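Overview (structure and organization)
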Amino acid sequence: GNSVTQMEGPVTLSEEAFLTINCTYTATGYPSLFWYVQYPGEGLQLLLKATKADDKGSNKGFEATYRKETTSFHLEKGSVQVSDSAVYFCALSDNQGGKLIFGQGTELSVKP
Amino acid sequence: DVKVTQSSRYLVKRTGEKVFLECVQDMDHENMFWYRQDPGLGLRLIYFSYDVKMKEKGDIPEGYSVSREKKERFSLILESASTNQTSMYLCASSFSRRNNSPLHFGNGTRLTVT
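Cut-off values and rules
- Residue numbers restart at each chain and count upward from 1, following the sequence in its written direction.
- Chains and ligands are labelled sequentially in the order written, the chains with letters from A and the ligands with numbers from 1.
- Totals for whole chains, interfaces and linings use all residues, but because this is a predicted model, local features are given only for residues with pLDDT of at least 70 and pairs of side-chain atoms are given and counted only at 80 or more.
- With hydrogens and water set aside, each side-chain value is computed from the structure's full complement of heavy atoms.
- Only DSSP runs of H or I with at least four residues qualify as helices, and only runs of E with at least two residues qualify as strands; both kinds are numbered from the N terminus onward.
- It is over C-alpha atoms that the radius of gyration is taken, and the globule rule equals 2.2 Å times the number of residues to the power 0.38.
- In this scheme, a residue with accessible area under 20% of its type's maximum is buried, one over 50% is exposed, and one in between is partly exposed, where area comes from a 1.4 Å probe on protein chains only.
- Contact criterion: two residues are considered in contact whenever any of their non-hydrogen atoms come within 4.5 Å of each other.
- Centres within 6.5 Å make a pair out of two Phe, Tyr or Trp rings, where for Trp the six-membered ring is used; the pair is then stacked when the planes are under 30 degrees apart, edge-to-face when over 60, and tilted otherwise.
- Side-chain atoms within 4.5 Å link the members of a nonpolar core, which is a set of buried Ala, Val, Leu, Ile, Met, Phe, Trp, Tyr and Cys residues.
- The term disulfide is used for any two cysteine sulfur atoms that are within 2.5 Å.

Moving on, we get to the overall build of chain A. Along the backbone of chain A there are zero helices and 12 strands. Helices (α) and strands (β) of chain A occur, in sequence order from the N terminus, as β-β-β-β-β-β-β-β-β-β-β-β. The globule rule puts the C-alpha radius of gyration for 112 residues at 13 Å, and the 13 Å found for chain A is close to it. For chain A, the spread of C-alpha atoms along the principal axes amounts to about 45 × 30 × 20 Å. The buried share of chain A, reckoned over its 112 residues, is 46%. Within chain A, counting contacts between residues at least 6 apart in sequence, those at least 24 apart form 56% of the total.

Set out below in structure tokens:
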């Protein structure tokens, strides 16, 4: 079946460091891919998405490129801030009515 | 902005109680979903609905039921709460079944069953 695998956390970085959170997926067909962010005490918010191969989603300095050949959708940011501390979820839409399948989440902690 | 409102942020219930978790969305979305979130497991889909009075089982429906009597409201019911249902419950809605239609989430209900 379809699935999403993320790198395990927690990830701890210093402010202004480069961030990569790895995400790979298994799916039939052509799923859409998403990154969601969950700040402490809140629900999930859509961070970015990509709907077809080679698409790049971007928002708030974060980027991810839909790589069909490697079945990956890694999240990157060039310079993280303390305010980026949150849990990040990779997800795919499974071609069956818009349900999302989520990875296990990666906690990011950014220290000043 | 889409607003998805879950009626309680925190609930504490006893084993065997019947528990209702309520969710309301204000954007006339067709689809509504209930997930539970557990550390290390991510989000797992319990039930979802594509229309009023319609419901579909997700990946972990056992011990749960749902009700959708009005388009804007989707209720999750724990018929007889058990300690293994202690979790964070997240409600979400989306505009359509298209694959690129994002989900909009509420802030969650943290349920503790003692």
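The discussion continues.
On to unusual backbone geometry. Residue G9(A) is joined to P10(A) through a cis peptide bond whose omega torsion reads -5°. The backbone phi angle of K60(A) is positive, close to 55°, even though this residue is not glycine. Its location among the elements puts K60(A) in the loop between β7 (56-59) and β8 (62-65). K60(A) gets classed as exposed once you look at its relative accessible area, which sits at 52%. Of note, the phi angle at K53(B) is positive, near 65°, even though the residue is not glycine. Considering the arrangement of structural elements, one finds K53(B) in the loop between β6 (42-49) and β7 (56-57).

Attention now goes to the packing of aromatic side chains. Applying the stated rule across the entire model yields 13 aromatic pairs over all chains. A centroid spacing of 6.1 Å and a plane angle of 45° characterise the contact between Y35(B) and F105(B), whose relative ring orientation is tilted. Placement of the pair is Y35(B) in strand β5 (residues 31-38) and F105(B) in strand β11 (residues 104-105), with a sequence separation of 70 residues. The burial state of Y35(B) is the same as that of F105(B); both residues are buried. Among the aromatic residues, those joined into a cluster by ring pairs are F34(A), Y36(A), F89(A), F102(A), F33(B), Y35(B), F48(B), Y50(B) and F105(B).

Moving on: the nonpolar core. Within the largest apolar cluster, 26 residues are counted, with the highest numbers of intra-cluster contacts made by W35(A), L47(A), L48(A), F73(A), L75(A) and Y88(A). Elements represented by at least two residues in this core include exactly β2 (11-14), β3 (19-21), β4 (23-26), β5 (32-38), β6 (44-50), β8, β10 (86-93) and β12 (106-111) of chain A. Take this core: its biggest share by element is four residues, from β10(A). Ignoring anything within four residues of it in the chain, the contact list for Y88(A) reads Q6(A), I21(A), W35(A), Y36(A), V37(A), L47(A), F62(A), L75(A), G105(A), T106(A) and L108(A). Residues I60(B), Y64(B), L76(B) and V113(B) belong to the second largest nonpolar core, which totals 20 residues.

Right, let's talk about the state of the cysteines for a bit. Cysteine pairs can be covalently joined through their sulfur atoms, and such a bond is termed a disulfide. Per the counting criterion, the structure on display carries two disulfides over all chains. At a sulfur-sulfur separation of 2.0 Å, the disulfide partner of C23(A) is C90(A). Measuring the twist about the S-S bond at about -70°, one finds the C23(A)-C90(A) disulfide to be left-handed. Of the two residues, C23(A) is situated in strand β4 and C90(A) in strand β10; the sequence distance between them amounts to 67 residues. Side by side, C23(A) and C90(A) carry an identical accessibility label, which is buried. One disulfide bridge connects C23(B) with C91(B), the sulfur atoms lying 1.9 Å from each other. The chirality of the disulfide connecting C23(B) with C91(B) is left-handed, given an S-S dihedral of about -80°. One end of the pair, C23(B), is in strand β4 (residues 23-25); the other, C91(B), is in strand β10 (residues 87-94), and 68 residues separate them in sequence. The burial state of C23(B) is the same as that of C91(B); both residues are buried.

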